[in-house]
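What follows is the residue order along each chain.
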Amino acid sequence: MKILSYSLSAEPMKFPGILVSQNRFCQIISKAKWQCYGNEELSILYPAAIVTIDGFSLFQSLRACRNQVARASGNENVQPPPLAYKKWGLQDVDTIVDHASIGIMTLSPFDQMKTASNIGGYNAAIKNNPPAMSQYVTVGSNPFTGFFFALEGSSQPLLSHVALAVASKLTSALFNAASGWLGWKSKHEEEPAQKQKPKVEPATPLAVRFGLPDSRRHGERICLSPCNTLAAVTDAFGRVILLDVTRGLAVRMWKGYRDAEVGWIQTVEDLHERETEKMDFSPFGNAQGPSRVAQFLVIYAPRRGILEVWSTQQGPRVGAFNVGKYCRLLYPGYKIMGLNNVTSQGWQPQTYQICLVDPISESVKTVHVPFHLALSDKKSERAKDMHLVKKLNALLKAKTSDPDLIEAEAKELILDIKYPATKKQALESILTSERVPLSSLTNITQTLMDNLKKQELECVDEGLLQFCANKLKLLHLYELVNKLNSQSIRKDTPPSDNDLAKLLRLEEKDFHRLQTLLENYKKENTQTPVQFAGEKDGVLSVKMFLEYLEYEKDMINVKNMEDGEYVALGSFFFWKCLCGESSTEEMCRVLESAHFRPQGLLSLLLNLWLSKEKDILDKPDSVSCLHTMLSLLSKMKVAIDESWDTQSVSPWWQQMRSACVQSESNAAALLSAHVGHSVTAQIIDSVTEKKSSQITVGSDTESWEALSLDSEYWKLLLKQLEDCLILQTLLHSKVSNRTKRVSSLQTEPLGRLSVKKLLEAGKGGIADTVAKWVFKQGFSPLVLDLAQHRNNADSTKESMETHTNISLEEPEADAGLETILELLQLAYRQFPCSLKVDVLHAHCCWEYVVQWNKDPEEACFLIRSIDHLRSIINAHVQHGIALMMWNTFIVKRLSSATYLMDKVGKAPKDRLCRRDVGMGDTAMTAFLGCCSDLLQTLLEADVSSDEMQAPVLDTEDAWMSVEGPVSIVELALEQKRIHYPLVEHQFVLCMILYAIMRFSLRSVKPLSLFDSKGKNAFFKDLTSIQLLPSGDMDPNVLSIRQQFLVRVVSAAVQTLCSSQKAKEVSEEELFPFEKGKNWPTLAVDLAQYLQVSEDVVRRHYACELYSYGMDHLGEEAFLQVTDKEVLASQLLVLAGQRLAFALLHTQTKEGMEVLARLPPTLCTWIKAMDPQELQNVEVPIATTAKLVTKVIEHLPENHGQYGLALNLIEAVEAIAS
């Protein structure tokens, strides 16, 4: 056996053509075949045996030989690696002409038992697991076809020969190397090795299991199908026999094909064709499933010069072609060598599965078979229809500009389609095409409908006929509406205000009020409506028109669509009418004659009206057009139920009210509600007149009033829509010029309002909406109070001016504030219960603290929240809101801040604050200050709540049906009373923490100022009773407290002095949350809570002021001290320090002379003074003299330092003189 390698390039081969040469069987090769479907292998047929070589092993061996040959030089002998193979000796067969290797197979349990019974008899034993077998099929004679089955593992292992060859080569190589090293070598080795006949191993016998025993028939060739299940066999009688190789049966035979050549074509189904087959509603017809595969047998009969394509097994002939008599049919039946399971996945099939070579015309012809030809006859017609549909779709997408040509071809194609469902699909494709004009659509649909009517009644598909009729009606309706929209009519004179007032049945006062509300809304509402590019009002394509509408029970219905699609369809019908550019009466007549459902028309009209709010407000005459349109629609059949009376609710008007309730276009909704109310009243009046005409003459009918349940519902809705409009106008208003920095949270737009949203927002929904607007604008509580104050009729002019001055000092005061105040006043009057000042402040307080919790760095939000909290008048509401704020947002962060400061023992740095508390050091300072303010407000509210009653929460009559969450104020009133001493105890801690952060104190652990009881009581529920410190405190703790308060006072005075020196930067600019806190006073209050002598703190404060040279403030602080004698003795030392600096440190001649004249005792005392303890030594001597005088006034004459003070005053006067 020799395997050759050929080069297809123009260059000569640079290596021998024979790569592998091995003799394994001393007979002539009959035929060799390469099997690649499934397991790769090369099968070689000998007259009485088959040798199979594993494909992957052969590929590796060839590649190794190719590499060795490429590296070989000269006459170097290359030893090829051995091949792994199997050899089977075929028995019980006379002659074998051709063969096919089917591959490895496993029998089913039934076939296994049947085979065992045939071979071993009734008592044959079988294994539990069916064995794997390699199947081979041969053709020849006796039997005509033989089936052989080789059990896997019955022969020697594939790699046994490889192992023996490798061992033999390794042994000889080692022996030759050893001989060379030792210097002796056999003479026989030096001589050329004599040629020895290769050893031929015997074949493993393999008996035929069964076959087709036709003694007169001789097989010529066998061709296996790509899926290894079928095989085509040609014989000497001119037959082509189709074999089922799995069952060993001949399933089909073709006659008259002498010397025939056969091959196979495998076609994969296109999933797109299956997806278009929508008439198949089989549960097994999944369009997303795997593609089906069809196999076709190609037979070339050279004697007849014909090439035929047959569907295998029971299928018909699908194609026949006249070709030459001298052609050759080439069917490789294999693909590229060396692919494995991974690399074969990305492999593309060969260029031609099968081809016909014609030597006469010198051409190569290929065969392509569509998949649908493999289907049954019934489905073949359906597949043909699918191809016609595809051809129609291609026609509709083509760039042909002649509509007549498209119409003619479309008619021909749609009439050629057999199945009604496919016809319907084709017609739908035509109707949804944007390139076919309206006239062509009508003609094509009419042609199909006429064709259906010509058919016999039993053959006509009623569904398709009805579909064509419905589409024709819709096309006719589109044509009429389009014609009406294109006709321009003369516009009537716009109605006057009096005419509109009468039309809407409003008094002149009420109509002007409505106009004012709409003008304010239009002025504040600057939002531009969304409109897509290319959209035009009143224009709609036929495709969209047909997609939006459908026929149901001889009535036109509107399909469920998006809001934009509703508006587009409504604009096509009604926009020209609402603008007065088209006849409203004609449009309604056309729609009614087309059997359009009135409810659908009302929905389209209202969607259009509510979406065109900006255009409607610019066209007041559109209100009268809407009135006319609504009146005509209401007179249509089945619009208003005939059984409707004034004491029941009409679904027609309820539909309109529902649309207004859900709409966020408040102005348009209010106008449409007025129109609906007017038309309802008009219809009720006509009904009442009919009834009154039937009443006996002489009865008293003049005093009757036409009342109905619908009218009452309209009045309620009008009040709700008016309220909603006023509220929406307020939300649209904003300050024009804001110089302050705006947070990103304040720039988020507010959502639009609707009556439905307010009804579902609960009792606090209205106040919550206004609170969100207040937060976005950043208004102070004074603005809300001012608007409320102006709204009170009993306000005096003086108080009005006071409030105006207070408000105008705020940074929001600008040109737009007056307008905002007017809108606020209007909202207060419209919602006297929902927008009570306390309710509004409560919601604003909560809104600010919620927004602060989202971004704790915005300390101004928390500060503003506390401002609104303090603005609440009723103590019960104030108490509840403060307690809810504490429990929800404050206590957890305060606890983290406390333990952080106690851990570091000082004011923590920014990084630590952000890590533990979630905010920076500056924001945490403001947070601690707000905590103390919150607790102080809570304490004050607890005291004040005993003196007033809880408020009664009412709701406006129009909003009694609100549902939703409980309001903040209701929750606040449900809160329990606090435990006053516990809140006071927590307040002291907050003040301590605030002081540490405010003055950046060091070496202070806040929790060290409290005993164990005090520590355990922190951060507990403020309504619970806790064990608090009582009785005498530990002196060490009192000492620490006193030192802390003294340090706070010193830091406060130092800060005060620094702020006075740096006049360009005020203290309020550095710490805007301070708001003028008097720290010395706070320290005195803390001293009372901490059981520290208040007088000690006051004396230290006075001394610090004098030490900093602020004697004018020191004199005021002097008056607050109780024990003035002790303070006087302390200030005497301070005066001595000032005098020591003036006499000793300045070293002037006059000073030395004065010092020499002083008494020795005074001189010694002054020299003992240390001026460096003073914070400010640059104090005029006259100020010091005034200080000494005050000291003498408060020192008793029997005091030990009284005489020293007298001498000191004389020294000061001497220096001053």
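Residues numbered from 1 in each chain as written. Predicted model: local features only at pLDDT ≥ 70, side-chain atom pairs only at ≥ 80, totals over all residues. Heavy atoms only, no water.

Looking now at the overall build of the chain. Looking only at helices and strands, one finds 45 helices and 24 strands in the chain. For the chain, the residues scored as buried account for 47% of the 1217 residues in total. Carbon and sulfur atoms make up 52% of the accessible area of the chain, which amounts to about 63,300 Å² in all. (Helix = DSSP H or I, 4+ residues; strand = E, 2+ residues; numbered from the N terminus. Buried < 20%, exposed > 50% of the residue type's maximum accessible area, 1.4 Å probe, protein only. Areas by Shrake-Rupley, 256 points an atom, 1.4 Å probe, with all protein chains shown as cover.)

Moving on, we get to the nonpolar core. F545, L569, F573, F596, I881 and F1044 are the most contacted members of the largest nonpolar core, which has 272 residues in total. Beyond its immediate stretch of four places on either side in the chain, L569 contacts L540, F545, Y548, L549, V558, M561 and L604. Counting residues in hydrophobic clusters, the runner-up holds 33 residues, among them V240, C327, Y331 and L356. (Core = buried A, V, L, I, M, F, W, Y, C linked by side-chain atoms within 4.5 Å. Contact = heavy atoms within 4.5 Å.)

A surface patch of nonpolar side chains, amounting to about 290 Å² of accessible area, comprises V649, L709, Y713 and L716. Considering the arrangement of structural elements, one finds Y713 in helix 21 (residues 709-732). A residue is classified by how much of its surface remains accessible, and Y713, at 38% relative accessible area, is partly exposed. (Patch = residues over 30% accessible without salt bridge, like charges linked within 9 Å, V, L, I, M, F, W, Y side chains within 5 Å. Salt bridge = Lys/Arg side-chain N within 4 Å of Asp/Glu carboxyl O.)

What follows concerns the confidence of the model for the chain. A residue-level look at the chain finds 82% of positions with pLDDT of 70 or above and a mean pLDDT of 83. Contacts from residues 155-175, a stretch scored under 50 in pLDDT, to residues over four places away or in other chains number 16 contacts. Low pLDDT, under 50, characterises residues 793-813; the predicted model gives this stretch 26 contacts beyond four residues in sequence or across chains. (pLDDT = per-residue confidence, 0-100.)

Quick look at helix 9 (residues 438-454) now. For helix 9, built from 17 residues, the straight-helix expectation of 24 Å at 1.5 Å per residue is met to within 8% by its first-to-last C-alpha distance of 25 Å. At its buried positions, helix 9 is contacted by helix 7 (403-416), helix 8 (420-431), helix 10 (462-486) and helix 13 (542-548). (Expected span 1.5 Å × (residues − 1).)

Before going further, it helps to spend a moment on the sheet that holds strand 3 (residues 31-35). In space, the five strands of this open sheet follow the order 3-4-5-6-10, with mixed pairing throughout. Among the strands making up the open sheet, the edge pair consists of strand 3 and strand 10 (204-207). Recorded for the sheet is a direction-independent mean angle of 25 degrees between the axes of neighbouring strands. Most of the contacts of helix 1 (residues 55-71) go to strand 5 (residues 49-54), to which it runs at about 65 degrees, and overall it touches strand 3, strand 4 (41-46) and strand 5. (Pairing = 2+ DSSP bridges. Axes fitted to C-alpha atoms, helices over the stretch in contact; angles between N-to-C directions.)

Let us look at the packing of aromatic side chains. Under the defined criterion, the tally for this structure stands at 24 aromatic pairs. Between F545 and F572, the ring centres sit 5.7 Å apart and the planes meet at 65 degrees, which makes this aromatic pair edge-to-face. Within this pair, whereas F545 is found in helix 13, its partner F572 is found in helix 14 (residues 563-578), the two being separated by 27 residues in sequence. Owing to a relative accessible area of 0%, F545 belongs among the buried residues under this scheme. (Phe/Tyr/Trp six-rings, centres within 6.5 Å; stacked < 30°, edge-to-face > 60°.)

Bringing the sheet that holds strand 18 (residues 306-311) into the picture now. Read from one edge to the other, the open sheet built from four strands follows the order 16-17-18-19, with strand pairing classed as antiparallel. Strands at the two margins of the open sheet, each flanked by one partner only, are strand 16 (261-268) and strand 19 (317-322). Here the average twist between neighbouring strands, direction ignored, is 20 degrees. Summarising the sheet, strand 16 and strand 17 (residues 293-301) pair through eight bridges and their orientation is antiparallel. In the sheet register, V268 faces strand 17, and the bridge partner there is V293.

Glancing now at the packing of helix 30 (residues 875-904) against helix 34 (residues 980-998). Two elements in contact, helix 30 and helix 34, have axes separated by 11 Å at closest approach and are oriented at 55 degrees. Between helix 30 and helix 34, the angle is such that the two are oblique. For the crossing formed where helix 30 meets helix 34, the hand is left-handed. Residues W886, L894, T898 and M901 of helix 30 form the contact with helix 34, whose participating residues are Q986, L989, C990, L993, I996 and M997. Residue classes in the contact of helix 30 with helix 34 are distributed as eight nonpolar, two polar and no charged. (Parallel < 35°, antiparallel > 145°, perpendicular 65-115°, else oblique. Left-handed = near helix turned anticlockwise from the far one by under 90°. Nonpolar A, V, L, I, M, F, W, Y, C, P; charged D, E, K, R; others polar.)

Here R657 shows up in helix 19 (residues 651-662). By relative accessible area, which is 4% here, R657 ends up buried. Once residues within four sequence positions are removed from consideration, R657 is found in contact with V649, D710, Y713, W714 and L717.

Here the focus is the environment of R1047. Within the secondary structure, R1047 sits in helix 36 (residues 1035-1061). Expressed as a C-alpha distance, the spacing of R1047 and F999, which sit 48 residues apart in the sequence, is 9.5 Å. Among residues more than four places away in sequence, those in contact with R1047 are L1001, R1002, S1003 and V1004.

Burial of strand 17 is extensive: eight of the nine residues sit out of reach of the surface. As paired elements, strand 17 and strand 18 share six bridges and run antiparallel to each other. Along strand 18, the bridge assignment pairs L297 with W310. Taking the residues that link successive antiparallel strands as the turn, the strand 17-strand 18 hairpin has four residues, and the phi of G305 there is positive, at about 65 degrees.

Below, the discussion takes up the environment of P832. Turning to its location among the elements, P832 is positioned in the loop between helix 27 (817-830) and helix 28 (837-854). The exposure class of P832 is partly exposed, given its relative accessible area of 47%. On a C-alpha basis, the gap between P832 and E956 in space is 7.5 Å, while along the polypeptide they are 124 residues apart.

Further remarks concern the environment of L448. As for its position among the elements, L448 is in helix 9. Through-space distance from the C-alpha of L448 to that of L465 is 8.7 Å; in sequence the pair is 17 residues apart. Those residues in contact with L448, other than ones at most four positions away along the chain, are I414, L415, K423, L427 and C468.

Once rolled over the atoms, a probe with the size of a water molecule shows which space is left empty. Tallying each qualifying case throughout the model produces two cavities of 30 Å³ or more. In this structure, the largest cavity spans a volume of roughly 140 Å³. Taken together, 14 residues make up the lining of the largest cavity; nearest its centre are K763, C833, V839, L953 and D954. If you list the elements that add at least two residues to the lining of the largest cavity, you get helix 28 and helix 33 (968-973). Its residues assigned to classes, the lining of the largest cavity comprises five nonpolar, five polar and four charged. Lining the second largest cavity are W575, L578, C579, W609, D615, I616, K619 and S622. (1 Å grid on protein atoms, 1.4 Å probe; cavity = no way out; pocket = protein on both sides within 12 Å on 5 of 7 lines; lining within 4 Å. Points joined across faces, edges and corners; volume = space filled by probe spheres on them.)

The subject of this paragraph is the pattern of salt bridges. Two side chains of opposite charge can pair, provided their charged atoms sit close to one another. Here the structure, examined in full by the defined rule, presents 32 salt bridges. Salt-bridge contacts for R317 lead to E308; the nearest nitrogen and oxygen are separated by 2.9 Å. Residues E664 and K757 are paired through a salt bridge, measuring 2.6 Å at the closest nitrogen-oxygen approach. With E664 in the loop between helix 19 and helix 20 (666-693) and K757 in helix 23 (residues 755-760), the pair connects residues that are 93 residues apart, well separated along the chain. With a relative accessible area of 32%, E664 lands in the partly exposed category. When salt bridges with common partners are traced through the structure, they connect D214, R217 and D235 into a single cluster.

Of all the seven residues making up strand 9 (residues 145-151), six are buried; the element is thus mostly covered by neighbouring parts of the structure. Strand direction decides the pairing type here: strand 8 (residues 132-141) and strand 9, joined by seven bridges, are antiparallel. Bridge pairing in strand 9 links V137 to F147. Two successive antiparallel strands, strand 8 and strand 9, enclose a turn made up of three residues, where N142 displays a positive phi of approximately 45 degrees. Pairing of strand 9 with strand 11 (residues 210-212), which is carried by three bridges, proceeds in the antiparallel orientation. Looking at the pairing, T145 lines up with L212 of strand 11.

The end-to-end C-alpha distance of helix 12 (residues 508-524) is 25 Å, a good match for the 24 Å that 17 residues give at a rise of 1.5 Å each. Here helix 12 has its buried residues at F511, L514, L517, L518, Y521 and E524. Looking straight down helix 12, one finds that the buried residues subtend no more than 160 degrees of arc, so they occupy a single side. Those residues of helix 12 that are exposed and aimed more than 90 degrees away from the buried face are E508, K509 and K523. (Arc of directions from axis to C-beta.)

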